[in-house]
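What follows is the residue order along each chain.
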Amino acid sequence: MNKKIGFTCAYTPVPLIEAAGFSPYRVFPETKAPDQAGHLLHDNLCPHVKKVLDRALARDLPELAGMIFINSCDAMRRLCDAWQQARPEDKIILIDLPSGTNSLSLDFLSKEYERLSKTLFKWNNITLSPETKSDKIKEKVTKWNLLAASVKKIEETMSNNFFPGYASGLQQIINTAATQSIDDAYQMAQNKIEPEKAAQNGRTPVFVFGNLLFDPKVYDLFEDWNLQVSGTDFCTSSRFVTQVDTGLDDNIFKSLAVSYLKQTPCARTMDTSIPGSIAQRIVERAKQTNAKGVIGFTLKFCDPYLSRIPMIRQALKKESIPFLMLEGDCTTGSMGQQQTRIEAFTEMLGV
């Protein structure tokens with residue numbers, strides 16, 4: 001069993017973790033640990049960050065060989081600081097993430113990913129030539145791309161028909177890639193491409209987006225509320241399994257940087273050449289997945305997403321696509337509290 005490397009952000013390339021001989025372990029904000037994060041961080045802070053810190057303080061984690069933090073927002077940066085207080089014995093690396101997608105940003109991120117790779121090999125006391133390391137990374141990237149292609153097939157099937165339990169099954173595959181291994185997730189995906197149950201009618205397709213929605217049970221709740229999740233855009237769903245275009249550059253780190261930064265960026269990443277691109281992407285994805293409505297689910301105090309909701313709402317309104325905005329924490333219970341609003345939205349869509 002390989003030692004685990006913890007991480008908290010979808011901009012963390014899992015192939016680099018596995019190439020260095022580790023297993024990935026995304027620290028999801030799911031815990032029964034007591035609320036202690038307020039001792040180190042402000043109470044009015046991202047619940048994702050606070051619950052992850054609660055896990056660290058309560059030792060509600062497997063044995064970790066190290067932690068990777070991505071400087072994606074100020075709250076995540078503060079989590080890195082607090083982690084050093086909560087678990088001073090842990091090895092930690094903080095990777096800076098550009099907010100733009102221009103050539104300078106891509107060059108910078110490629111160097112950060114190279115630094116991450118060197119650090120991971122060092123943590124595992126592996127000494128190899130640069131060529132051998134590059135080959136190992138490319139091998140893992142190839143497997144990752146096979147997984148990404150399988151996930152895409154499942155998503156296409158999910159957007160065209162309603163298969164009970166299909167959306168939650170896809171989330172289980174993605175969670176496996178985040179917390180176990182690429183190979184395990186790929187095997188699960190191969191078994192899931194062909195739906196186990198026959199397609200059914202009576203559900204209205206919706207596209208769901210936001211920062212994170214990782215619990216498979218939530219997708220079953222949508223089905224209980226007569227909705228079909230026909231597509232998603234979360235850092236814990238399809239956005240996490242990013243296809244890496246290795247034909248972009250001979251430098252594998254540059255290929256990773258371009259793929260991760262440009263393909264499906266989250267709200268904190270901006271393409272200054274196309275203002276409002278996040279809103280247009282949501283509209284396009286909603287149409288591609290045959291959705292009759294869009295549901296946004298963001299965490300409390302997440303300024304990057306909350307600041308972009310008005311432009312997303314306007315873009316959807318322009319296309320006459322109904323939109324429901326939800327805000328909560330990271331628990332299944334918080335989604336359950338939204339049941340009345342979701343059911344009213346479902347009725348409005350004409351179920």
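For the structure, check the block above.
What you see is a predicted model; the values in this text were computed from it and never measured.

An account of the sheet that holds strand 2 (residues 23-26) is needed here, citing residue identities and associated values.
Read from one edge of the open sheet, four strands run 2-1-3-4, paired in parallel fashion. Sheet topology places strand 2 and strand 4 (92-96) at the edges, where each strand pairs with a single neighbour. Across this sheet, the average inter-strand angle for adjacent strands is 25 degrees, counted without regard to direction. Here four bridges tie strand 1 (residues 4-7) to strand 3 (residues 64-71), and the two strands are oriented parallel to one another. Each bridged residue has a counterpart across the sheet, and for Phe7 the counterpart in strand 3 is Ile68.

Outline the side chain of Lys192, listing residues and values.
Note on placement: Lys192 falls in helix 7 (residues 182-192). Those residues within four positions of Lys192 in sequence are excluded, and the remaining contacts are Ile154, Gly165, Tyr166, Gly169, Leu170 and Ile173.

Hey, could you go over the nonpolar core for me, with residue numbers and the actual values?
Counting residues in each nonpolar core, the largest one holds 119 residues, and the members touching the most others are Ile68, Leu120, Trp144, Leu147, Phe222 and Phe240. When residues in this core are grouped by element, the largest group, eight residues, is from helix 5 (residues 130-160).

Any details on the packing of helix 2 (residues 47-57) against helix 3 (residues 74-86)? Residues and values, ideally.
Interhelical geometry of helix 2 versus helix 3 gives an angle of 10 degrees and a closest axis separation of 10 Å. One element, helix 2, and the other, helix 3, form an angle in the roughly parallel class. Facing His48, Val49, Val52, Leu53, Ala56 and Leu57 of helix 2, the residues of helix 3 in contact are Ala75, Met76, Leu79, Ala82, Trp83 and Ala86. Within the contact of helix 2 with helix 3, the residues separate by chemical class into 11 nonpolar, one polar and no charged.

An account of the environment of Leu45 is requested, with residue identities and associated values reported.
Among the secondary structure elements, Leu45 is positioned in the loop between strand 2 and helix 2. Placed 145 residues apart in sequence, Leu45 and Gln190 show a C-alpha to C-alpha distance of 39 Å. The contact partners of Leu45, leaving out residues within four places of it in the chain, are Lys50, Ala75 and Phe301.

So what's going on with the sheet that holds strand 5 (residues 204-210)? Residues and values would help.
Spatially, four strands are ordered 6-5-7-8 in an open sheet, and the strand pairing comes out parallel. For this open sheet the edge positions go to strand 6 (227-233) and strand 8 (323-328), each flanked by a neighbour on one side alone. Neighbour to neighbour, the strand axes of the sheet diverge by 25 degrees on average, direction disregarded. Both strand 5 and strand 6 contribute to a ladder of six bridges, which runs parallel.

Definitions and limits used
Residues numbered from 1 in each chain as written. Predicted model: local features only at pLDDT ≥ 70, side-chain atom pairs only at ≥ 80, totals over all residues. Heavy atoms only, no water. Pairing = 2+ DSSP bridges. Helix = DSSP H or I, 4+ residues; strand = E, 2+ residues; numbered from the N terminus. Axes fitted to C-alpha atoms, helices over the stretch in contact; angles between N-to-C directions. Contact = heavy atoms within 4.5 Å. Core = buried A, V, L, I, M, F, W, Y, C linked by side-chain atoms within 4.5 Å. Buried < 20%, exposed > 50% of the residue type's maximum accessible area, 1.4 Å probe, protein only. Parallel < 35°, antiparallel > 145°, perpendicular 65-115°, else oblique. Nonpolar A, V, L, I, M, F, W, Y, C, P; charged D, E, K, R; others polar.

Honestly, that's just the spatial picture; any functional story needs more than this.
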